[in-house]
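Breakdown of the fold
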Amino acid sequence: MKLVTVIPISATSCGEVTVTTVALKDVTKVFPGGALAVDAVNLDVTDGEFMVLLGPSGCGKSTLLRMVAGLEEPTSGDVLLDGELANDLPPGDRGIAMVFQDFALYPHMTVGENIAFPLRLSGVQPAPRGERVADVAAALGIGDLLGRKPSQLSGGQRQRVAMGRAIVRRPGLFLMDEPLSNLDSGLRAELRAEISALTRELGVTTIYVTHDQAEALTMADRVAIMRRGVLQDVGTPTQVYGRPATLHVAAFLGSPRMNLLEASVYVHLDRYVQLRIGEQSLYLPWTDIRSRAVAHYHGERIVVGMRAEALTPVVPDAQGDVLRGRIRYLEHHGHESLAYLDIGATAVLVDEMGGPVSGGVPGQRGLRRFGKVMSRLTGRQAPAAEQPGRTGGGNGGSVLDDGGRHHRRPAELAVRLAPYPAVSGGHPLAVAVRMDAVHFFGERGERIDVGRR
Ligand SMILES: Nc1ncnc2c1ncn2[C@@H]1O[C@H](COP(=O)(O)OP(=O)(O)OP(=O)(O)O)[C@@H](O)[C@H]1O
Ligand SMILES: [Mg+2]
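Residues numbered from 1 in each chain as written. Chains lettered and ligands numbered in written order. Predicted model: local features only at pLDDT ≥ 70, side-chain atom pairs only at ≥ 80, totals over all residues. Heavy atoms only, no water.

1. Some details on the site of ligand 1
Formally: We call a residue near a given molecule or strand whenever any one of its heavy atoms falls within 4 Å of it. Any pair of N or O atoms that falls within 3.5 Å is considered a polar contact. Within protein, one atom must be able to donate a hydrogen and the other to accept it, and sequence-neighbouring residues count only if both atoms are side-chain atoms. Surface exposure here means Shrake-Rupley accessible area, sampled with a 1.4 Å probe, where a residue is shielded only by the protein chains that are shown. Secondary structure elements are taken from DSSP: a helix is a run of H or I of four residues or more, a strand is a run of E of two residues or more, and numbering for both begins at the N terminus. Each residue is assigned to one of three groups, with Ala, Val, Leu, Ile, Met, Phe, Trp, Tyr, Cys and Pro labelled nonpolar, Asp, Glu, Lys and Arg labelled charged, and all others, Gly among them, labelled polar.
By nearness alone, every residue bordering ligand 1 is listed as Phe-31, Ala-37, Pro-56, Ser-57, Gly-58, Cys-59, Gly-60, Lys-61, Ser-62, Thr-63 and Glu-178. Here an oxygen atom of ligand 1 and a backbone polar atom of Cys-59 are 3.2 Å apart. Here an oxygen atom of ligand 1 and a side-chain polar atom of Lys-61 are 2.8 Å apart. Contact with the protein chains removes 57% of the 640 Å² of surface that ligand 1 exposes when unbound. If you tally residues by element for the shell around ligand 1, the top one is helix α1 (residues 61–69), at three residues. Residue composition of the shell around ligand 1, grouped by class: four nonpolar, five polar and two charged.

Here it is in structure tokens:
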């Protein structure tokens, strides 16, 4: 197991609270050689907030954090600490503490000496130093380990020492880069609860980097989700989970992953907006406030997203918003079973390493869409509109497979069942769809919706 350490960045006299807010303005980082690691990120972190930067490996999280710490210089854009431009401020003058992997605690020092080290550096007298160390160690539950050397500690205990060394100076801003990634899952869960509690107790503004969505959703006040250097979405865990701004965010958050299905949109002016999913259909009544936004995609394909919790098994002849299929296979998770249902639909797989889903101007496709909507609204029959219940539906090129960003394959709809249900592979299953919990995304991965969250 790797050791963990802290870079005590602050050099102010007693390490008292200095920086409490961070603002990033169009911050971009291009590394020599041309790698665009961070792409025009705008982000505000407020006083006392626990902000989690979340995203897959290589999306630019560490680079962004290191620019806040002053360990990396932005290529363009501004880093403001407490409202003051800090681009040229050396790391030691930023009043920041940072914890991350890959660096060792001082092996020849005891736990107490390791935690006290930043205080000693800044000239704090032995008596107050000892008091502060004892307080911090007690808060972290390592008060009885002060005399040990790092080699005599478990990974979790070392991690706590690293945390202790970072917070002992009472930084105004605490930066953590995947501090738990080397630990086993039980310890991670325990420590993440402790870190949340501790930082909130101290009221210290925290930016915490992880690629683990469970960590992000459980710890954060707000989550900032990145992909390929681009900030995709920022919001509370409830907001980003409940109303993801992009297809990428939708696919990244949640377990099992959100079911993402290709659907064709047909507007029936007198009744509803029809969403054809394979040979089946769901209907958005005009009373649904999202129906107008979805109607703009008449004649086009969009992505319909349904989390497992939006799907409830129902009796085979149930009416309403129901999808039917056969169980392809079951997965037993102890507390629940997941059925993967073949409903004759096409899945949209989001390529995490692919290009950014945002950006680009509406091109010809936008014009074509506009033309189709107009022709529909002026009463002319739109091409290929289908009536509910009719089978068919061509299998032309997907509007969603442009540039290799998304891939298609037969959908396996993940549905939650009670543990060890009395069904097995091949069994038919009908599921009711909670239409208010369904998400819609356009061809570039943008959320189709109305209003603000
Ligand atoms: N010093 C460097 N020189 C060139 N490219 C770099 C450098 N550091 C990072 N990169 C590149 O910048 C991108 C972002 O890297 P970064 O370390 O910020 O990702 P990350 O989100 O922290 O990933 P991980 O979860 O794997 O730690 C990557 O493509 C990486 O290869
Ligand atoms: Mg990293």
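Additional details are given in the paragraphs that follow.
2. What about the packing of aromatic side chains?
Which entries qualify depends on this criterion: Geometry of aromatic contacts follows a simple scheme: Phe, Tyr and Trp rings, the Trp one being its six-membered ring, pair when their centres are within 6.5 Å, and the pair is stacked under 30 degrees between planes, edge-to-face over 60, tilted otherwise. In our convention, an over-ring charge means Lys NZ or Arg CZ found within 6 Å of a ring centre and within 35 degrees of that ring's normal.
Applying the stated criterion across every chain, the model contains four aromatic pairs. With 4.6 Å between their ring centres and 50 degrees between their planes, Tyr-272 and Tyr-283 make a pair best called tilted. Linking Tyr-272 in strand β13 (residues 272–277) with Tyr-283 in strand β14 (residues 280–285), this pair joins segments that are 11 residues apart in sequence. One Lys or Arg, Arg-307, reaches over the ring of Tyr-241 and ends 3.7 Å from the middle of that ring.

3. Side note on the pairing of strand β12 (residues 259–268)
Successive residues of a regular strand alternate their side chains across the two faces of the sheet. Quick note on the threshold: A simple rule labels every residue: compare its accessible area, found with a 1.4 Å probe on the protein chains alone, to the largest value its type can have, and call it buried under 20%, exposed over 50%, or partly exposed in between. Strand pairing is assigned whenever DSSP identifies at least 2 bridges connecting the two strands.
With respect to burial, β12 is a largely interior element, 10 of its 10 residues being buried. Every second residue of β12 is oriented toward a common face, with Asn-259, Leu-261, Ala-263, Val-265 and Val-267 on one face and Leu-260, Glu-262, Ser-264, Tyr-266 and His-268 on the other, all of them buried. Of the strand pairs in this sheet, β12 and strand β15 (residues 301–306) are connected by six bridges, and their pairing is antiparallel. When the bridges of β15 are listed, Glu-262 appears paired with Val-303. Across five bridges, β12 lies against β13 in antiparallel orientation. Following the sheet pairing, Tyr-266 is matched in β13 by Gln-274. Following β12, the chain reverses through three residues before pairing antiparallel with β13.

4. Focus on the pattern of salt bridges
Rules: The term salt bridge refers to a pairing of a side-chain nitrogen on Lys or Arg with a carboxyl oxygen on Asp or Glu at a separation within 4 Å.
All told, the structure shown has 18 salt bridges when counted by the stated rule. For Lys-25, the salt bridge is made with Asp-44, and the minimal N-O distance between the two is 3.9 Å. Placement of the pair is Lys-25 in strand β2 (residues 22–30) and Asp-44 in strand β3 (residues 36–45), with a sequence separation of 19 residues. On the accessibility criterion, Asp-44 (42% relative accessible area) is partly exposed. Between Asp-436 and Arg-434 there is a salt bridge; the shortest N-O distance is 3.1 Å. Relative accessible area serves as the criterion here: at 57%, Asp-436 is assigned to the exposed category. Each member of the salt-bridge network shares a partner with another, and the members are Arg-160, Glu-190 and Glu-194.

5. Quick word on helix α5 (residues 185–202)
Threshold: One less than the residue count of a helix, multiplied by 1.5 Å, gives the span that helix is expected to have. We call two residues in contact whenever any of their non-hydrogen atoms come within 4.5 Å of each other.
Relative to the 26 Å expected for 18 residues at 1.5 Å per residue, α5 spans 26 Å between its end C-alpha atoms, a close match to the ideal helical length. Of the positions making up α5, those classed as buried are Leu-187, Arg-188, Leu-191, Arg-192, Ile-195, Ser-196, Leu-198 and Thr-199. Buried residues along α5 sit in contact with β4 (50–54), α3 (126–139), α4 (155–167), β8 (173–177), β9 (205–210) and α6 (213–219). Two residues or fewer after α5 comes Gly-203, characterised by a positive phi angle close to 70 degrees.

6. Points about the nonpolar core
Inclusion rule: Among the buried residues, those of types Ala, Val, Leu, Ile, Met, Phe, Trp, Tyr and Cys that are joined through side-chain atoms within 4.5 Å form a nonpolar core. For every domain, the bounds stem from an assignment made automatically or drawn from a database.
Ile-115, Ile-142, Phe-174, Ile-195 and Tyr-208 are the most contacted members of the largest nonpolar core, which has 43 residues in total. Among the elements that make up this core, the one with the highest residue count is α4 (five residues). Two domains share this core, each providing at least three of its residues, namely domain 1 (4–242) and domain 2 (248–441). If near-sequence neighbours (up to four positions away) are discounted, Ile-195 is found in contact with Phe-50, Met-163, Met-176, Leu-180, Tyr-208 and Met-219. Counting 36 residues, the second largest nonpolar core, distinct from the first, contains Ile-302, Ile-327, Leu-413 and Leu-429.

7. Points about the side chain of Arg-165
Here is the rule: Charged-residue counts in this description rest on Lys and Arg as positive and Asp and Glu as negative, His and the chain ends being excluded.
Counting through the fold element by element, Arg-165 comes out in helix α4. Within the buried set, Arg-165 has no salt-bridge partner at all; the shortest N-O distance to an opposite charge, 10 Å, is to Glu-113. There is a polar contact of 3.0 Å between the side chain of Arg-165 and the side chain of Asn-114.

8. Considerations on the pairing of strand β21 (residues 438–441)
Here β21 shows no split at all, with Val-438 and Phe-440 on one side and His-439 and Phe-441 on the other all buried. Note: β15 against β21, four bridges, orientation antiparallel. Each residue of the ladder has a partner; that of Gly-305, found in β21, is His-439.

9. Points about the packing of helix α2 (residues 111–121) against α4
How we decide: Convention adopted: a line fitted to C-alpha atoms gives each axis, helices being fitted over their contacting stretch, and angles between N-to-C directions are expressed from 0 to 180 degrees. Should an angle fall under 35 degrees it is taken as roughly parallel, and over 145 as roughly antiparallel, whereas 65 to 115 is taken as roughly perpendicular and any remaining angle as oblique. Take the far helix as the reference: if the near one is turned anticlockwise from it by less than a right angle, the crossing is left-handed, and if turned clockwise, right-handed.
The geometry of α2 relative to α4 is characterised by a closest axis approach of 7 Å and an angle of 30 degrees between their N-to-C directions. The orientation of α2 relative to α4 falls into the category roughly parallel. Where α2 crosses over α4, the handedness of that crossing is right-handed. Contacts from Val-111, Asn-114, Ile-115 and Pro-118 in α2 reach Val-161, Gly-164 and Arg-165 in α4.

Shape is all these values report; function is a separate question.
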